[in-house]
Amino acid sequence: MRILFLGDIVGKPGVAFLKRALPVLVPHEQIDVVIANAENATDGSGLSPKDYRRIRECGVDLVTLGDHVYKKKDIIPTLEQDEHICRPANFPPGAPGRDHALCTARNGEPVAAFSLLGRTYMRPAECPYLAADRVLQVLAGRARCVVVDMHAEATADKYLMGHYLKGRVSAVLGTHTHVPTADEQILPGGTAFISDVGMTGPYDSILGRQVDRVLSTAVTFVPAAFDVAENDPRLGGAIVDVDLATGHAQAIRRLMLTESAVSAMQG
Ligand SMILES: [Fe+2]
Ligand SMILES: [Fe+2]
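As a starting point, this report considers the structure included with it. (Residues numbered from 1 in each chain as written. Chains lettered and ligands numbered in written order. Predicted model: local features only at pLDDT ≥ 70, side-chain atom pairs only at ≥ 80, totals over all residues. Heavy atoms only, no water.)

**Re the coordination of the iron ion (ligand 1)**
- For the iron ion (ligand 1), the protein coordination sphere consists of Asp8 (OD), Glu39 (OE), Asn40 (OD1) and His178 (NE2), at 2.1 to 2.3 Å.
- Here the iron ion (ligand 1) is ringed by 4 donor atoms whose angles at the metal span 86 to 173°, and the overall shape comes out irregular.
- All donor residues of the iron ion (ligand 1) come from one chain, and their arrangement in sequence is D-x30-E-N-x137-H.
- In this model, the iron ion (ligand 1) sits 3.5 Å from the iron ion (ligand 2), the two metals being bridged by Glu39. Of this pair, Asp8 sits in the loop between β1 (2-6) and α1 (11-29) while His178 sits in the loop between β7 (171-175) and β8 (185-187), and the two are 170 residues apart along the sequence. Side by side, Asp8 and His178 carry an identical accessibility label, which is buried. (Donors = N, O, S within 2.8 Å, 3.2 Å for Na, K, Ca; no water. Tetrahedral: all angles 85-135°; square planar, octahedral: opposite > 155°, others 65-115°. Helix = DSSP H or I, 4+ residues; strand = E, 2+ residues; numbered from the N terminus. Buried < 20%, exposed > 50% of the residue type's maximum accessible area, 1.4 Å probe, protein only.)

This is the structure in structure tokens:
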């Protein structure tokens, strides 16, 4: 079972490049299921129902979200009704939406995903460890292949979750910082891990936003609209191979796919 996991999809350039790249990448890498964090897909913050549909039509099977989950409030009915999308699992019980997402992969196998928010330098959330235990209890016997999107600012929060869940889930993969790390590994027990897979969006930017706006605000303290950048779109993610008999990860590979790499794949 081969999983493609993509980091935060950012704005129109992210969605447009996803639409171009996925139909090429999925057959090329023989991907069975695609999971993506889409918290920045609509105007750089949040996810509209229209962009959710677009992303799903591109070939994304499961959508996770992060701290920007409710920035476009009209996604809430989708979060409540559609089992392919979920809010972070460590939100309070009254927060709308499901705490995990489920689908059937291209090879017929059930796959589950859920996201957890870190607690360092982020708005306070409930305990991510207890939330993970709760979701895994619900998933027991329903999906052997489980992917956790660890949406956190601090690398330690991500490593802690990797070690908390090692041997219990197929992968703990980091998102939120929009900057990829080079620490991909298989933790003891067969859990694929990486601190951050990077974003799926315009890399000629400050974390997806236009450089001049962010820079002038940083230098002068005069606020400016942090519009989404446009150039050098890439898919930032990881490809994880999972043994279906056990749900354990066998391999993890970083992915940073540029426009020219997609063109080369097309031949
Ligand atoms: Fe993000
Ligand atoms: Fe985030």
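**Things to note about the coordination of the iron ion (ligand 2)**
- Each protein donor to the iron ion (ligand 2) is listed here as Glu39 (OE), Asp67 (OD), His151 (NE2) and His176 (ND1); together their distances run 2.1 to 2.2 Å.
- The sequence pattern describing where the donors of the iron ion (ligand 2) fall on their chain is E-x27-D-x83-H-x24-H.

**Brief notes about the sheet that holds strand β6 (residues 145-151)**
- Strand order across the open sheet formed by 6 strands is β4-β5-β6-β7-β9-β8, with mixed pairing between neighbours. Looking at the sheet topology across the chains shown, the edges are occupied by β4 (101-104) and β8. The mean angle between the axes of side-by-side strands here comes to 25°, regardless of whether they run parallel or antiparallel.
- As judged from the 5 bridges shared by β6 and β7, these two strands associate in the parallel manner. Counterpart to Met150 in the pairing with β7 is Gly174.
- Packed onto the sheet, helix α4 (residues 128-139) meets β4, β5 (110-117) and β6 and runs at close to 165° relative to β5.
- Relative to β7, helix α5 (residues 155-165) is tilted by about 165°, and along the sheet it contacts β5, β6, β7, β8 and β9 (191-194). (Pairing = 2+ DSSP bridges. Axes fitted to C-alpha atoms, helices over the stretch in contact; angles between N-to-C directions. Contact = heavy atoms within 4.5 Å.)

**Some thoughts on a nonpolar patch on the surface**
- A contiguous nonpolar patch, built from Val179, Ile206, Leu207, Val211, Leu215 and Val219 and spanning about 500 Å² of accessible area, is present on the exposed surface.
- In this fold, Leu215 is placed in helix α6 (residues 211-220). (Patch = residues over 30% accessible without salt bridge, like charges linked within 9 Å, V, L, I, M, F, W, Y side chains within 5 Å. Areas by Shrake-Rupley, 256 points an atom, 1.4 Å probe, with all protein chains shown as cover. Salt bridge = Lys/Arg side-chain N within 4 Å of Asp/Glu carboxyl O.)

**Structural notes on the packing of α4 against α5**
- As a packed pair, α4 and α5 sit with axes 11 Å apart at the nearest point and diverge in direction by 35°. α5 is crossed by α4, and the crossing has right-handed handedness. Each of Pro128, Tyr129, Ala132, Asp133 and Leu136 in α4 lies in contact with α5, whose residues at this interface are Leu160, Met161, Tyr164 and Leu165.
- Residue classes in the contact of α4 with α5 are distributed as 8 nonpolar, no polar and 1 charged. (Left-handed = near helix turned anticlockwise from the far one by under 90°. Nonpolar A, V, L, I, M, F, W, Y, C, P; charged D, E, K, R; others polar.)

**As for α1**
- For α1, spanning 19 residues, the distance from its first C-alpha to its last is 25 Å, which sits close to the expected 27 Å at 1.5 Å a residue.
- At Ala21, α1 shows its largest bend, some 40°, and a proline, Pro23, comes one to four positions later.
- Within α1, burial applies to Gly11, Pro13, Gly14, Val15, Phe17, Leu18, Ala21, Leu22, Val24, Leu25, Val26 and Glu29.
- Gln30 lies just past α1 and shows a positive phi near 50°. (Expected span 1.5 Å × (residues − 1). Bend = angle between axes of the 7 residues up to and from the residue.)

**Quick word on the pattern of salt bridges**
- In the structure shown here, the tally under the stated rule is 12 salt bridges.
- Between Arg54 and Asp51 there is a salt bridge whose closest N-O contact spans 2.6 Å. Pair noted here: Arg54 and Asp51 are both in helix α2 (residues 49-58), with a separation of 3 residues, about one helical turn.
- The partly exposed category is assigned to Arg54, whose relative accessible area is 37%.
- Lys158 is paired through a salt bridge with Asp196; the nearest N and O atoms lie 2.8 Å apart. Of the two residues, Lys158 is situated in helix α5 and Asp196 in the loop between β9 and β10 (201-202); the sequence distance between them amounts to 38 residues.

**Topic: the nonpolar core**
- Formed by 36 residues in total, the largest nonpolar core has its most connected members in Leu4, Leu6, Leu18, Leu22, Leu47, Ile55 and Leu235.
- Mapped onto this core, the elements with two or more residues apiece are β1, α1, β2 (33-37), α2, β11 (233-242) and β12 (249-257).
- Per element, the largest residue contribution to this core is 8 residues, and it comes from α1.
- For Ile55, the residues in contact, after removing those within four places along its chain, are Ile9, Val15, Leu18, Ala38, Ala41, Leu47, Val60 and Val63.
- One finds Leu62, Ala101, Ala192 and Val197 within the second-largest nonpolar core, a separate group that totals 24 residues. (Core = buried A, V, L, I, M, F, W, Y, C linked by side-chain atoms within 4.5 Å.)

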